[in-house]
Amino acid sequence: MQEFEESNVSRKTKRVYITTVISIAMVLLMVGLAGLIILHTRKLSDYVKENIVVNVYLNEDVKEVDILTLQKEIEKYPSVKSTVYVSKELAAENLSKDLGEDFIKFLGYNPLLYSIDVYMKADYADNANIDKIIQAISGKPLVKEVKYQQSLVESMNRNIKTISLIILCFGGLLLFIALALINNTIRLAIYSQRFTIKSMQLVGATKNFIRRPFLGMAVLHGVLAGLLATLMVMGVLYLARQEIPELIVLQNYTEFGILFLGLILLGILISLFSTYLAVSRYLRLKIDALYV
């Protein structure tokens with residue numbers, strides 16, 4: 001009979017531990033997904049900013065060697081990420097594709113100009129920095145005019161700041177909820193061990209001796225939950241890329257590695273802290289209070 005009771009208690013304890021690990025993993029999954037959103041939002045923001053085009057149109061009679069020299073000069077500006085030389089022929093080909101017809105046959109000549117497409121670095125993709133570049137380039141003798149979509153840039157930067165603030169607040173709120181949920185889950189798990197804790201205390205075990213196995217188990221739970229959450233986040237990321245292949249341009253294995261390591265460490269820290277508080281609480285309680 002005693003062996004049956006011990007076996008029953010052991011099974012219940014295992015179920016509690018398994019439930020605890022799964023519960024912590026699900027909460028960490030939400031934190032991980034929020035982290036992915038934040039990472040991708042920043043990457044997507046930089047990607048959009050670095051695809052803003054400043055069109056530098058050149059005079060009709062310029063020589064290609066002079067255009068290439070100007071292109072290299074523009075690339076030396078610290079705010080410029082890259083440049084692309086667009087010949088009259090390439091510009092006509094691109095426009096014909098957009099229009100769906102050969103406009104040169106209709107006009108009888110190619111009215112387009114040579115141009116250089118300038119792409120800014122993400123940190124400089126705002127109206128103030130772009131205007132500085134335009135002022136510097138416009139004074140060149142080869143340049144006829146410089147254009148970019150000013151209203152689009154202004155609107156884009158404003159919207160990105162708003163979206164980033166909302167996502168940051170959402171991430172902070174989610175982290176707070178995660179802390180509360182994991183803390184409550186662990187408190188419930190320790191609650192089922194309250195009589196064991198008090199029995200050890202009554203036979204003379206020190207508080208640190210009683211806490212040690214619970215804290216060790218907390219570290220194990222945190223590691224397992226973090227690994228499980230990492231696998232689930234990777235699964236979600238894989239499915240997202242199957243549906244949206246363009247996400248491949250946003251991937252950064254170093255940042256993902258830091259995120260996944262952060263999930264494991266977060267699981268360990270929260271589990272340790274919550275376990276320590278819960279065990280200490282039952283060590284302070286009197287025997288009568290354990291039945292409440």
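Throughout this document, residue positions are counted from 1 along each chain, in the order its sequence is written. With the structure being a predicted model, the display of local features is reserved for residues of pLDDT at least 70 and the display and counting of side-chain atom pairs for 80 or more, all residues being used for whole-chain, interface and lining totals. The side-chain values count all of the structure's non-hydrogen atoms but skip hydrogen atoms and water molecules.

Within an unreviewed UniProt entry, the label attached to the protein reads Cell division protein FtsX, and the organism entered is Solitalea agri. Per UniProt, the comment on the protein under Subcellular location (unreviewed entry) is "Cell membrane". UniProt positions are given in the numbering used here, feature names are shortened, and annotations may be inferred rather than shown by experiment. We quote the UniProt Sequence similarities (unreviewed entry) comment for the protein here in full: "Belongs to the ABC-4 integral membrane protein family. FtsX subfamily."

A. Representation of the overall build of the protein in the model. The numbering of helices and of strands both runs from the N terminus, where a helix is a DSSP run of H or I of at least 4 residues and a strand a run of E of at least 2. Counting its secondary structure elements, the protein contains nine helices and four strands. In the protein, the succession of helices and strands from N to C terminus is α-β-α-β-α-α-β-α-β-α-α-α-α. Buried residues are those whose accessible area, probed at 1.4 Å on protein chains only, stays under 20% of the maximum for their type, while exposed residues exceed 50% and partly exposed ones sit between those limits. Taking all 292 residues of the protein together, 37% fall into the buried category. By definition in these notes, contact holds between two residues if any of their heavy atoms fall within 4.5 Å. Look at the contacts in the protein between residues 6 or more apart in sequence, and 82% of them connect residues 24 or more apart. Residue-level accessible areas treat just the shown protein chains as cover; the underlying method is Shrake-Rupley with a 1.4 Å probe. Of the roughly 17,800 Å² of accessible surface on the protein, 63% is carried by carbon and sulfur atoms.

B. Local environment of a positive patch on the surface. A patch consists of residues whose relative accessible area exceeds 30% and which take part in no salt bridge; residues with like charges are grouped when within 9 Å of each other, and nonpolar side chains (Val, Leu, Ile, Met, Phe, Trp, Tyr) when within 5 Å. In what follows, salt bridge is the name for a side-chain nitrogen of Lys or Arg lying within 4 Å of a carboxyl oxygen of Asp or Glu. Counting rule for charge: Lys and Arg are taken as positive, Asp and Glu as negative, and neither His nor the chain ends is counted. Note on charges: their place is set at NZ of Lys, CZ of Arg, CG of Asp or CD of Glu. Together, Arg187, Lys207, Arg281 and Arg284 make up a region of like positive charge exposed at the surface. Its location among the elements puts Arg281 in helix α9 (residues 253-284).

C. Inspection of a nonpolar patch on the surface at higher detail. A surface patch of nonpolar side chains, amounting to about 460 Å² of accessible area, comprises Met30, Leu173, Phe176, Ile177 and Leu181. Relative to the helices and strands, Leu181 resides in helix α6 (residues 150-191).

D. Molecular detail of the sheet that holds strand β4 (residues 143-147). At least two bridges found by DSSP between two strands are what make those strands a pair. In spatial order, the strands read β2-β3-β1-β4; together these four strands make up an open sheet with antiparallel pairing. Looking along the sheet, the strands with just one partner apiece sit at the ends: β2 (80-86) and β4. Across the sheet, the mean angle from the axis of one strand to that of its neighbour is 20°, orientation sign disregarded. Pairing of strand β1 (residues 53-58) with β4, which is carried by four bridges, proceeds in the antiparallel orientation. In the strand pairing of β4, Tyr57 is matched with Glu145. The convention used is that axes are lines fitted to C-alpha atoms, helices contributing only their stretch in contact, and that angles between N-to-C directions extend from 0 to 180 degrees. Packed onto the sheet, helix α5 (residues 127-138) meets β1, β2, β3 (115-120) and β4 and runs at close to 170° relative to β4.

E. Representation of the nonpolar core. Leu28, Ile182, Ile190 and Ile197 are the most contacted members of the largest nonpolar core, which has 30 residues in total. Where this core is concerned, the elements lending two or more residues are α1 (2-49), α6, α8 (207-243) and α9. Every residue in contact with Ile197, bar those within four places of it in the chain, is listed here: Ile190, Ile210, Phe214, Val279, Tyr282 and Leu283. Here, the term nonpolar core denotes a set of buried Ala, Val, Leu, Ile, Met, Phe, Trp, Tyr and Cys residues that are joined through side-chain atoms within 4.5 Å. Residues Ile74, Met120, Val146 and Met156 belong to the second largest nonpolar core, which totals 25 residues.

F. Looking closely at the packing of aromatic side chains. Only the six-membered ring of Trp is used, alongside the rings of Phe and Tyr, when aromatic pairs are assigned; centres must lie within 6.5 Å, and planes under 30 degrees apart are stacked while those over 60 apart are edge-to-face, with the rest tilted. Applying the stated criterion to the full structure yields two aromatic pairs. Between Tyr85 and Tyr114, the ring centres sit 6.5 Å apart and the planes meet at 25°, which makes this aromatic pair stacked. One end of the pair, Tyr85, is in strand β2; the other, Tyr114, is in the loop between α4 (103-107) and β3, and 29 residues separate them in sequence. Judged by its relative accessible area of 18%, Tyr85 falls in the buried class.

G. Inspection of the pattern of salt bridges at higher detail. Enumeration over the complete set of coordinates arrives at three salt bridges. The residue Glu145 makes a salt bridge to Lys147 at a minimum N-O spacing of 3.8 Å. With relative accessibility at 45%, the residue Lys147 sits in the partly exposed group.

H. Structural detail: the confidence of the model for the protein. Looking at the protein, pLDDT values average 80 and 88% of them are 70 or higher. For every residue, the pLDDT score states the predictor's confidence, bounded by 0 at the bottom and 100 at the top. In this model, residues 1-9 is a region of pLDDT below 50 whose contacts with residues beyond four sequence positions or in other chains number one contact.

I. The side chain of Ser274, seen in detail. Along the chain, Ser274 turns up in helix α9. Sequence-distant contacts of Ser274, that is, excluding residues within four places in its chain, are made with Asn183 and Ile186.

J. Just the packing of α8 against α9, in detail. Where α8 contacts α9, the axes come no closer than 7 Å and their chain directions differ by 150°. Classed by the angle they form, the pair α8 and α9 counts as roughly antiparallel. Note that α8 runs across α9; the crossing there is right-handed. Its residues assigned to classes, the contact of α8 with α9 shows 19 nonpolar, eight polar and three charged. Angles below 35 degrees are treated as roughly parallel, those above 145 as roughly antiparallel, those between 65 and 115 as roughly perpendicular, and all remaining angles as oblique. In a left-handed crossing the near helix is turned counterclockwise from the far helix by less than a right angle, and in a right-handed crossing that turn is clockwise. When residue character is reported, Ala, Val, Leu, Ile, Met, Phe, Trp, Tyr, Cys and Pro are called nonpolar, Asp, Glu, Lys and Arg charged, and the others, Gly included, polar.

K. Here's a closer look at the packing of α6 against α9. It is the contact of α6 with α9, at a shortest axis distance of 9 Å, that shows an interaxial angle of 45°. The orientation of α6 relative to α9 falls into the category oblique. Here α6 and α9 pass one another in a crossing that is right-handed. Seen from α6, the contacting residues are Leu175, Leu179, Ile182, Asn183, Ile186, Arg187, Ile190 and Tyr191; seen from α9, they are Leu266, Ile270, Ser271, Ser274, Thr275, Ala278, Val279, Arg281 and Tyr282. Split into classes, the residues belonging to the contact of α6 with α9 amount to 11 nonpolar, four polar and two charged.

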